[in-house]
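Listed below are the residues making up each chain.
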Amino acid sequence: MKKQYLTIYVVYILLGLSLGLWEIFKPIWLLERGISIESLGVTFFVALFIAAIISLTIGNKVMKSGIRKCIQLALISRVLIFLNMIITQNKHFMILLSCLDLLIDTLIIQWMYPLLSQIKISNVLFGLKDNLYDLAGNIGTIIAGIFVGITLYKLTSYQICIITCMTLFFICFILLFKIENKKIVLQQKNITKEVLKVKSSKDYINYSWSRRLQLYLILGFFMVILTENLGIDKSFAGISWAILQIICNGIGIVVSFRSDKINRIKFFKYANISSIIVLLIAGLSKNTIFSFIAILWIDILSDFYSPMIDAPLTNEIPKELQLHFANLKHILSYIGRGIAYIIAGYLISYNYKIIFLVGIPFLIYQNYIGIRALKNCKNTNVYGKNIYNRSNIT
């Protein structure tokens, strides 16, 4: 069982590396090929909307076929998509490939946690997996930042990053053979009804979509804002940002191990209040340094939400219902994230500072609904004293 834990965490780390190597710089790569920021917003929305439909229609089939096999098929699909990205010069085909890549990437991440939850996982280990994923992503961003502008054996920096990602996906594909391909057949006729019987589940689903909308409104095209609007060099922006985030990831990992001793509601409330103040100043001020601080602050806090908020709320859901719950949550989250891309794409082309002000109402709503969800937790005392049965931690 410990070996399966370790294998899944290694896969998370490799997927995080690929995220940093490619996803951060992908919008810039597409802009340099003549695709407008508005078109990118619409493209990403379409990809996420399709991902929501796929999650809705094939969720039960994934469980019956086995989550591990489905993730492996998705990984091979990404390898083929990235191979075509290297070959193609057609702008419209690039948009299609980017759409497909984002679609499959979101499904892989959606399916990874139910795969992990087949083995018993605690709040601490839940938060740790996300912080390791983010840490690896930031290391990948530093590597990509070093390669920006370099040509190696007639390969551009972007092509080098794409080839590296393909290699990482294939390694993940091989590693996953070590994980048992469990097939889940649910007897309940109305699985959604069973999921929603969990008192905190409705509020958590509503929190998730508003959280994704607010987060990607600010961070969806943050590298575009840093380089195009704030005039920061691509390589310097990627490397310096990643270094700052690695420091925060380290703190986030410490918080993961201490999360059951912290008052989650107070943390959540103060984090949201501080974010509202920072976004308000950035939106109203003409000084670009406040824009930089606002983006950084929202990104920093995202490292702490997983162990503090998502972990206890996810672990309220019974293990056998995890994938179906993930489907419900991600369907709305994808739509929220897709809407954020559309809004951000148009606002950045007009006046990027407006995104900070638009994000505030969603922060207020997520604060209200998130606190209500936390108060309904049964397996974790959200006020700071751990009541989780430690004998369950493997």
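To start, this report covers the structure provided alongside it.

On to the overall build of the chain. Scanning the chain from terminus to terminus reveals 15 helices and zero strands. Put simply, of all contacts in the chain between residues at least 6 apart along the chain, 88% involve residues at least 24 apart. For the chain, the exposed area adds up to about 16,600 Å²; of that, 65% sits on carbon and sulfur atoms.

Next up on the list: the nonpolar core. Ranked by size, the top nonpolar core spans 118 residues in total, and within it Leu15, Ile71, Leu75, Phe82, Met112, Phe221 and Phe356 carry the most contacts. The contact partners of phenylalanine 221, leaving out residues within four places of it in the chain, are Pro27, Ile37, Leu40, Gly41, Phe44, Tyr341, Ala344, Gly345 and Ile348.

Let's shift gears to helix 10 (residues 222-229). The buried count for helix 10 comes to six of eight residues, which makes it a mostly enclosed element. Among the residues of helix 10, Phe222, Met223, Val224, Ile225, Leu226 and Thr227 are the ones counted as buried. Positive phi appears at glycine 231, one or two residues downstream of helix 10, with a value of about 75°.

Before going further, it helps to examine the environment of cysteine 172. Within the fold, cysteine 172 resides in helix 7 (residues 157-175). Residue classification places cysteine 172 among the buried residues on the basis of a relative accessible area of 0%. For the pair cysteine 172 and tyrosine 12, spaced 160 residues apart in the sequence, the C-alpha separation amounts to 8.7 Å. Not counting the four nearest positions on each side in its chain, cysteine 172 is found in contact with Val11, Leu14, Leu15 and Leu75.

Turning next to the pattern of salt bridges. Counted under the stated rule, the structure contains three salt bridges. Between aspartate 101 and arginine 78 there is a salt bridge; the shortest N-O distance is 2.7 Å. Of the two residues, aspartate 101 is situated in helix 5 (residues 91-117) and arginine 78 in helix 4 (residues 67-87); the sequence distance between them amounts to 23 residues. On the basis of relative accessibility, which here comes to 0%, the residue aspartate 101 falls in the buried class. Overall, arginine 78 belongs to the buried group, its relative accessible area being 2%. Taking the shortest distance from any N to any O, the salt bridge between arginine 78 and aspartate 105 comes out at 3.1 Å. A residue pair is termed long-range when its members are at least 10 positions apart, and arginine 78 in helix 4 and aspartate 105 in helix 5 qualify at 27 residues.

A word on the side chain of glutamine 72. For glutamine 72, the location among the structural elements is in helix 4. Relative accessible area serves as the criterion here: at 4%, glutamine 72 is assigned to the buried category. Residues within four places of glutamine 72 in sequence aside, it is in contact with Phe173, Leu176 and Phe177.

Cut-offs and rules
- Residues numbered from 1 in each chain as written.
- Predicted model: local features only at pLDDT ≥ 70, side-chain atom pairs only at ≥ 80, totals over all residues.
- Heavy atoms only, no water.
- Helix = DSSP H or I, 4+ residues; strand = E, 2+ residues; numbered from the N terminus.
- Contact = heavy atoms within 4.5 Å.
- Areas by Shrake-Rupley, 256 points an atom, 1.4 Å probe, with all protein chains shown as cover.
- Core = buried A, V, L, I, M, F, W, Y, C linked by side-chain atoms within 4.5 Å.
- Buried < 20%, exposed > 50% of the residue type's maximum accessible area, 1.4 Å probe, protein only.
- Salt bridge = Lys/Arg side-chain N within 4 Å of Asp/Glu carboxyl O.

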